[in-house]
Each structure stands twice: as C-alpha cells, then as structure tokens.
Amino acid sequence: EATIRKAGVSNRDIDWAVMHQANKRIIDAAAKRLELPDSHVFCNVERYGNTSAASIPLALNDLYQAGELKTGHNVLMVAFGAGFSLAGSLLEWTK
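Attention here is on the structure that accompanies the text. (Residues numbered from 1 in each chain as written. Predicted model: local features only at pLDDT ≥ 70, side-chain atom pairs only at ≥ 80, totals over all residues. Heavy atoms only, no water.)

### Topic: the packing of aromatic side chains
Right, so step 1: Counted by the stated rule, this structure contains 1 aromatic pair.
Right, so step 2: Ring centres of Tyr64 and Trp93 lie 6.2 Å apart, and the angle between their planes is 45°; on these two criteria the pair is classed as tilted. Taken together, the positions of Tyr64 in helix H4 (residues 55-65) and Trp93 in the segment after strand S4 (86-92) put the pair 29 residues apart, joining distant regions of the chain.
Right, so step 3: Here Tyr64 falls in the partly exposed class, since its relative accessible area comes to 41%.
Right, so step 4: Classification of Trp93 by relative accessible area gives buried; the value is 17%. (Phe/Tyr/Trp six-rings, centres within 6.5 Å; stacked < 30°, edge-to-face > 60°. Helix = DSSP H or I, 4+ residues; strand = E, 2+ residues; numbered from the N terminus. Buried < 20%, exposed > 50% of the residue type's maximum accessible area, 1.4 Å probe, protein only.)

Okay, structure coming up:
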C-alpha cells in the first residue's frame, strides 16, 4: 500500500503484482488487501516452490518469456524476509 501511494498511482494502475513466492496463501491475502484482481497477480510458487531471494527475478523472467510484460506496464514488486522485513518497489516496464 505504501509503495503504491508513494508512487502516486492507485491499485487500478498496477498491471502486474510480482511478490515473494513463499506460498499461495500469502500472495492471495496480499492481493486481496490491495484489491488487485487475480489476473494482475503473478504466481509461480507451484512450479518452483519457495525460491527465497530468487523468486521475484524468476517470476519476472516467466512473465517476460510468456510475452506478458509490455512496455509501459506498471509492475509492483513486494518481498519479505526474516524478522518481518518488507520492501516494495514499483517500476514501469520498458524494453
């Protein structure tokens, strides 16, 4: 929520949410809280499992390889770690 707010956009402006792929329940709960439709939330945890720090780069690569990332897309990335550390970033995808 803070990342979206600080970027000056709304949740409706998010084309893709790519989150730490710890488990599907966490991803679903975060998407629900942000009011993001399932079609805008990428999940590949069932394919790789929890890949820790590599989960967001792997997910971005999967989206890119599938041709889903388009120039101008707003991509919200959110990761968490030990001790409830949390970080978010919003980028505009370009080629």
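### A word on the pattern of salt bridges
Right, so step 1: Going through the model one piece at a time under the given rule, you end up with 3 salt bridges.
Right, so step 2: Residues Asp62 and Arg47 are paired through a salt bridge, measuring 3.4 Å at the closest nitrogen-oxygen approach. Highlighted residues: Asp62 in helix H4 and Arg47 in helix H3 (residues 45-48), separated in sequence by 15 residues. (Salt bridge = Lys/Arg side-chain N within 4 Å of Asp/Glu carboxyl O.)

### Thoughts on the pairing of strand S3 (residues 74-80)
Right, so step 1: Note that strand S1 (residues 16-19) and S3 share 4 bridges and pair parallel. Within S3, the residue paired with Ala17 across the bridge is Leu76.
Right, so step 2: The pairing of S3 with S4 spans 7 bridges and is classified as antiparallel. Paired with Val75 across the bridge in S4 is Leu91. (Pairing = 2+ DSSP bridges.)

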